[in-house]
Amino acid sequence: MGEKLEYNRRTENLIEIARMYVELAIRHPELTDIDSITWNQHFVDLANQFEEENPDMDWKSEDYLEMIESYAKEKILEFGGAKE
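What comes next concerns the included structure. (Residues numbered from 1 in each chain as written. Predicted model: local features only at pLDDT ≥ 70, side-chain atom pairs only at ≥ 80, totals over all residues. Heavy atoms only, no water.)

### Let's talk about the packing of aromatic side chains
Taken as a whole and judged by the stated rule, the model has six aromatic pairs. Here tryptophan 39 and phenylalanine 79 contribute two aromatic rings whose centre-to-centre distance is 5.2 Å and whose plane-to-plane angle is 65°, an arrangement assigned as edge-to-face. Separated by 40 residues along the polypeptide, tryptophan 39 in helix α2 (residues 36–53) and phenylalanine 79 in helix α3 (residues 62–80) bring together distant segments of the chain. Linked through ring pairs, Tyr21, Trp39, Phe43 and Phe79 together constitute an aromatic cluster. (Phe/Tyr/Trp six-rings, centres within 6.5 Å; stacked < 30°, edge-to-face > 60°. Helix = DSSP H or I, 4+ residues; strand = E, 2+ residues; numbered from the N terminus.)

Here it is as structure tokens:
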């Protein structure tokens, strides 16, 4: 059997990044021109990068949620070549 996922900082990052992508893809359908495998790999990279850049933050605080949402929005739009 494979390794199980557990709810922690990194999985929370990944969930928030994926949620932000869905929200942005509604407003920027051109983001869906990039295939899902590429996006999924990018989401994992973003989750890891965010964690490396913010290792000491309390991941259950409102500030953390706002930071990951802002970070995800900026990075997704940049990667997809979209502008807000």
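### Considerations on the environment of tyrosine 21
Tracing the sequence through the fold places tyrosine 21 in helix α1 (residues 9–27). By relative accessible area, which is 14% here, tyrosine 21 ends up buried. Along the sequence, tyrosine 21 and phenylalanine 43 sit 22 residues apart, while their C-alpha atoms lie 9.0 Å from each other. (Buried < 20%, exposed > 50% of the residue type's maximum accessible area, 1.4 Å probe, protein only.)

### Side note on the layout of surface pockets
A volume near 150 Å³ is recorded for the largest pocket. Secondary-structure elements contributing two or more residues to the lining of the largest pocket are α1 and α2. The residue inventory of the lining of the largest pocket, partitioned by class, reads four nonpolar, three polar and one charged. (1 Å grid on protein atoms, 1.4 Å probe; cavity = no way out; pocket = protein on both sides within 12 Å on 5 of 7 lines; lining within 4 Å. Points joined across faces, edges and corners; volume = space filled by probe spheres on them. Nonpolar A, V, L, I, M, F, W, Y, C, P; charged D, E, K, R; others polar.)

### Overview of the nonpolar core
Formed by 19 residues in total, the largest nonpolar core has its most connected members in Ile17, Tyr21, Leu24, Leu31, Trp39, Phe43 and Ile76. Contributing elements (two or more residues each) for this core: α1, α2 and α3. Of the residues forming this core, the biggest block, six residues, is contributed by α3. (Core = buried A, V, L, I, M, F, W, Y, C linked by side-chain atoms within 4.5 Å.)

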